[in-house]
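Each chain is listed here by its residues.
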Amino acid sequence: MSIYFTKTFQRSFGTYPLRSDELTAALKTAADIGYRSIDTAQMYQNESDVGEAIAALRMPREELLVTTKVHPDNFGEDKFLASVEQSLRDLKLDYADVLLVHWPPLDRDIRPSLKLLQKAKKDGLTRHIGVSNYTARMMHDAASICDEPLVTNQVEFHPLLDQSILLDAAAKTGIPLSSYCSVARGEVFKHAIVGEIGAVYDKSPGQIVLRWILQQGVAINTMSTKSENLKANFDIMDFVLSSVDMARISKLCATNFRIVGIDKVPWAPDWD
């Protein structure tokens, strides 16, 4: 079972692109609502702000699950562990709960960065390790390379993008998926079926989409600075979508709408 599907961690507060006071205020609101999983990354350039915001919560460390990610520029043997140590200083933490490699390396040789990722865990810098933006083939390769379990592959995941190949890889490798861009930056709300199904369950379109993701065993990351949205994104555990409605929403996957494509992220791999 995914580490994110324990306690309330399946609903993570995503911090990108928040900074400074805005981040502190949003995280305080999220924590008051019940969020205990917090997602950041070196690439977001906000780890110091996240650290300040976490400190301001004055919350017992064991209640939190903090995920951060190593930037590909730091994959070298002379940089990797030092960059993680800097992340922990910025976050004001003794360890990360989950440490991910943020992208596959440019040369697509995943072995060196995965070996360093495992060393970070063995050195006590993180309790769990995983990957992000890996293809299905990379997931299979990573599972065979790593002696330590990989607790997630964080990828773009929403109803407008068919990720069935990655879901199949997750089932076969034991590497669970977690999502970013969970509502396709609002694009999914342009499809009437989501609102129609929401009316049946007395739930918002966003809640329907997030529930659809969770019911596939995929943890979610969402970001908002508005308390009503933060609460709605969190309050998705009191209903279950029927198999018929799950299938109706899944038909939207044929849209094949991807946000993080090679046109926007030139270093992205060739997606499945």
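Criteria and thresholds
Residues numbered from 1 in each chain as written. Predicted model: local features only at pLDDT ≥ 70, side-chain atom pairs only at ≥ 80, totals over all residues. Heavy atoms only, no water. Helix = DSSP H or I, 4+ residues; strand = E, 2+ residues; numbered from the N terminus. Contact = heavy atoms within 4.5 Å. Pairing = 2+ DSSP bridges. Axes fitted to C-alpha atoms, helices over the stretch in contact; angles between N-to-C directions. Buried < 20%, exposed > 50% of the residue type's maximum accessible area, 1.4 Å probe, protein only. Polar contact = N/O pair within 3.5 Å; in protein donor to acceptor, adjacent residues only side chain to side chain.

Participant: Describe in detail the environment of arginine 108, supporting the description with residues and values.
Facilitator: Tracing the backbone shows arginine 108 in the loop between strand E4 (96-101) and helix H4 (111-122). Once residues lying within four places of it in the same chain are set aside, the contact partners of arginine 108 are Met138, Trp267, Ala268 and Pro269.

Participant: Residue-level account of the sheet that holds strand E1 (residues 11-14), with values.
Facilitator: The strand order E7-E6-E5-E4-E3-E2-E1-E8 describes an open sheet built from 8 strands, whose pairing is parallel. Where the open sheet ends on each side, the last strands, each with one partner, are strand E7 (177-180) and strand E8 (220-222). Taken over all neighbouring pairs, the strand axes of this sheet differ in orientation by 30° on average, direction set aside. Pairing of strand E6 (residues 150-156) with E7 involves 4 bridges; the strand directions are parallel. Its bridge partner being in E7, asparagine 153 is matched across the sheet by leucine 177. Taken strand by strand, H4 contacts E4, strand E5 (126-132) and E6, and its axis lies near 160° from that of E5.

Participant: Run through the side chain of serine 224, naming residues and quoting values.
Facilitator: Topologically, serine 224 is positioned in the loop between E8 and helix H9 (227-234). Taking the relative accessible area as the measure of exposure, serine 224 reaches 9% and is therefore buried. Within polar-contact distance, the side chain of serine 224 engages the backbone nitrogen of lysine 226 at 3.1 Å. Contacts of serine 224, omitting those with residues within four sequence positions, involve Phe13, Ala26, Asn229 and Leu230.

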